[in-house]
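# Remarks on the overall topology
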Amino acid sequence: IGDSFMIAFSDCENAIQFATTVQLQLVNAMWPDQLLQQPQCKVTKDPVVGSNLWNGLRVRIGMHVGTPQVVVVHNHRVDYYGPVVNQAARVEGQACGGQVLLSSDVQNVIQQKKCLADDFTITVC
C-alpha cells in the first residue's frame, strides 16, 4: 500500500475515535514554518469561527467493516487481504488529505449502534 498504513480495529467505534483523534492532532500540531509555506500545508481558517480547518500535513483515512482473510507471513507478522481489505483501500483512495471517509457498511453499523456522540455528524455524499 505504498506510503500508507492499514490499521485493523475490533469495532467501528474505536476506528472512528482513532481517525478523528489523528485528524484533530494534525490540525492542532505545531508545524515548522518551512512546512507551512508549502501550498498543500498552509493554514486555512474557518471564515465563520476562525479556528483552523487545515494546518500542516494532511492524511486521508478510509474505513470499511468486515472480516478480512488473514495470513501469517514469513517474518511471523499478520497480513490481511481479500475483498474487505480491497474495499477499505478503495474508500481510502477516494479521500483527500484531512478527510475521513466511511463505507456505507460502516455508516450502517454506527447508525444501528447509535455509538457516536450527539455533536458528531456524518455527511453523506
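Note that the structure is predicted; figures quoted are calculated from it, not measured. (Residues numbered from 1 in each chain as written. Predicted model: local features only at pLDDT ≥ 70, side-chain atom pairs only at ≥ 80, totals over all residues. Heavy atoms only, no water.)

What follows concerns the overall build of the chain. A tally of helices and strands in the chain yields four helices and six strands. For the chain, the sequential pattern of α-helices and β-strands runs α-α-β-β-β-β-β-α-β-α. A buried classification covers 18% of the 125 residues belonging to the chain. (Helix = DSSP H or I, 4+ residues; strand = E, 2+ residues; numbered from the N terminus. Buried < 20%, exposed > 50% of the residue type's maximum accessible area, 1.4 Å probe, protein only.)

Within this structure, the stated rule accounts for one salt bridge. A salt bridge links Arg60 to Glu92, with the shortest nitrogen-to-oxygen separation between them at 2.7 Å. Of this pair, Arg60 sits in the loop between β2 (52-54) and β3 (61-63) while Glu92 sits in helix α3 (residues 83-94), and the two are 32 residues apart along the sequence. (Salt bridge = Lys/Arg side-chain N within 4 Å of Asp/Glu carboxyl O.)

Now for the confidence of the model for the chain. Mean pLDDT over the chain: 86, with 89% of residues reaching 70 or higher. Element-level mean pLDDT values for the chain span from 86 in helix α4 (residues 104-113) up to 95 in helix α2 (residues 33-36). (pLDDT = per-residue confidence, 0-100.)

To continue, consider the side chain of Ser103. Positionally, Ser103 belongs in the loop between β6 (100-102) and α4. Owing to a relative accessible area of 6%, Ser103 belongs among the buried residues under this scheme.

When the terminal C-alpha atoms of α3 are compared, their 17 Å separation across 12 residues agrees well with the 16 Å that a helix rising 1.5 Å per residue should span. Along α3, the residues that are buried comprise Val85, Ala88 and Val91. The buried side chains of α3 occupy one side of the element, clustering within an arc of 120 degrees when seen end-on. Opposite the buried face of α3, at more than 90 degrees from it, the exposed residues are Pro83, Arg90 and Gln94. (Expected span 1.5 Å × (residues − 1). Arc of directions from axis to C-beta.)

Within the secondary structure, Val109 is located in helix α4. Considering only alpha carbons, one finds Val109 and Glu13, 96 residues apart in sequence, at a separation of 9.5 Å. If we ignore the near neighbours within four places in the chain, the residues touching Val109 are Cys12 and Val65. (Contact = heavy atoms within 4.5 Å.)

Another point: the nonpolar core. Of all hydrophobic cores here, the largest spans eight residues; its members are Cys12, Ala15, Ile16, Ala19, Ile61, Met63, Val106 and Ile110. Of all the elements in the fold, those that place two or more residues in this core are α1 (12-28), β3 and α4. With four residues, α1 is the single largest residue contributor to this core. (Core = buried A, V, L, I, M, F, W, Y, C linked by side-chain atoms within 4.5 Å.)

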